[in-house]
Structure formats: C-alpha cells, structure tokens
Amino acid sequence: MIGIDTNILLRFLVDDDPEQCRLARELLAACTPERPAYICSVTLAETVWVLNRSLGYPGEAVLEMVSRLLASREAIVEHGESLGQVLQSLGSDDLADFLIAFSNSQAGCSHTMTLDRRAARRVPGMELLA
C-alpha cells in the first residue's frame, strides 16, 4: 500500500499540468487491489476543497469523483464506508466538517463544538457554541 498526497490526487483528477498529470496517472494506474493507493481523510478533504473552492468544480462533479474513488478496488479511502453513506445526503461542501466530527467521534468525543451554524445544522455530531 502506498499513501497518496493531495497534489498527486489532484493531478490524477484534473488536467492542468501535463507532466505532473502523466506521472500521477502512471503511479495510480500501477496500483492494484493487492497494492492499493491509500487516501487519508486529510488528503480527501483538501482535494475536495481545492476542486470546489479553487477550481470551481460543481458539487455533483466532485461527488462523482469521490464516489468513483470509494468504489475503486485499487484505492482505499480512510473512513470510506462511512463517507459513502453521508456524501449523498451532505454533499461535498460539508466533507471536511463531517470528517472532523467523525474523527472526533471515533476518538470517543460525545460531540464536536463549532461556531459554524451551517455545520451545526447539517453535520451529525456537531453542535453550535452559542
């Protein structure tokens, strides 16, 4: 198993630098179910943020990209089982908030406090500090 940094995943998904895209695609094409790529939640959250905010990809396109990663046998996505369930209901804009709340829950936290009203309304386990 090999870990994948955000810049590799972005070059794999986006055609913006021919040489880096080629290298990233060759690397990921060589991954197999026996030797998969590992995509940690931080890498995934950063990738989604860049796709949404910096590159202006529509939420539906980002969800499709993430769904394909989750379905791939050549990649393991940290918290993949849980992500697949919530992405359809939350959307890609809330992915980072979900990962924060989920990771905190896995660590034994009863809930996650936030000042983000939208996250408190939409993300299970988040509560507004008011």
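Heads up: these notes are all about the structure in this document. (Residues numbered from 1 in each chain as written. Predicted model: local features only at pLDDT ≥ 70, side-chain atom pairs only at ≥ 80, totals over all residues. Heavy atoms only, no water.)

Details of the overall build of the protein chain
Of regular secondary structure, the protein chain possesses seven helices and five strands. Here the C-alpha radius of gyration of the protein chain, 15 Å, is about what a compact globule of 130 residues would show, namely 14 Å. A principal-axis box enclosing the C-alpha atoms of the protein chain has dimensions of 50 × 30 × 20 Å. Going through the 130 residues of the protein chain one by one, you find that 38% of them count as buried. Contacts in the protein chain between residues at least 24 apart in sequence constitute 53% of all its contacts with a sequence separation of at least 6. Separation of charge centres in the protein chain, based on 11 positive and 18 negative side chains, amounts to 3 Å. (Helix = DSSP H or I, 4+ residues; strand = E, 2+ residues; numbered from the N terminus. Rg over C-alpha atoms; globule rule 2.2 N^0.38 Å. Buried < 20%, exposed > 50% of the residue type's maximum accessible area, 1.4 Å probe, protein only. Contact = heavy atoms within 4.5 Å. Lys, Arg positive; Asp, Glu negative; His and termini not counted. Charge placed at Lys NZ, Arg CZ, Asp CG, Glu CD.)

Looking at the nonpolar core
The biggest cluster of nonpolar side chains holds 31 residues, and the ones touching the most others in it are Ile 4, Ile 39, Leu 44, Leu 83, Leu 95 and Phe 98. Residue assignment for this core shows that the elements contributing at least two residues are helix H1 (6–13), strand E2 (37–39), helix H3 (41–54), helix H4 (59–71), strand E3 (75–77), helix H5 (80–90) and helix H6 (95–106). Not counting chain neighbours up to four residues away, the residues in contact with Leu 95 comprise Leu 44, Ala 45, Val 48, Leu 83 and Leu 87. (Core = buried A, V, L, I, M, F, W, Y, C linked by side-chain atoms within 4.5 Å.)

Regarding the pattern of salt bridges
With the rule as written, the count across this model stands at five salt bridges. Asp 16 is the salt-bridge partner of Arg 11, the closest N and O atoms lying 2.7 Å from each other. Looking at Arg 11, the relative accessible area reads 15%, which means it is buried. One salt bridge connects Asp 15 with Arg 25, and the closest N-O pair in it is separated by 2.7 Å. Placement of the pair is Asp 15 in the loop between H1 and helix H2 (18–29) and Arg 25 in helix H2, with a sequence separation of 10 residues. Given a relative accessible area of 30%, Arg 25 falls into the partly exposed group. (Salt bridge = Lys/Arg side-chain N within 4 Å of Asp/Glu carboxyl O.)

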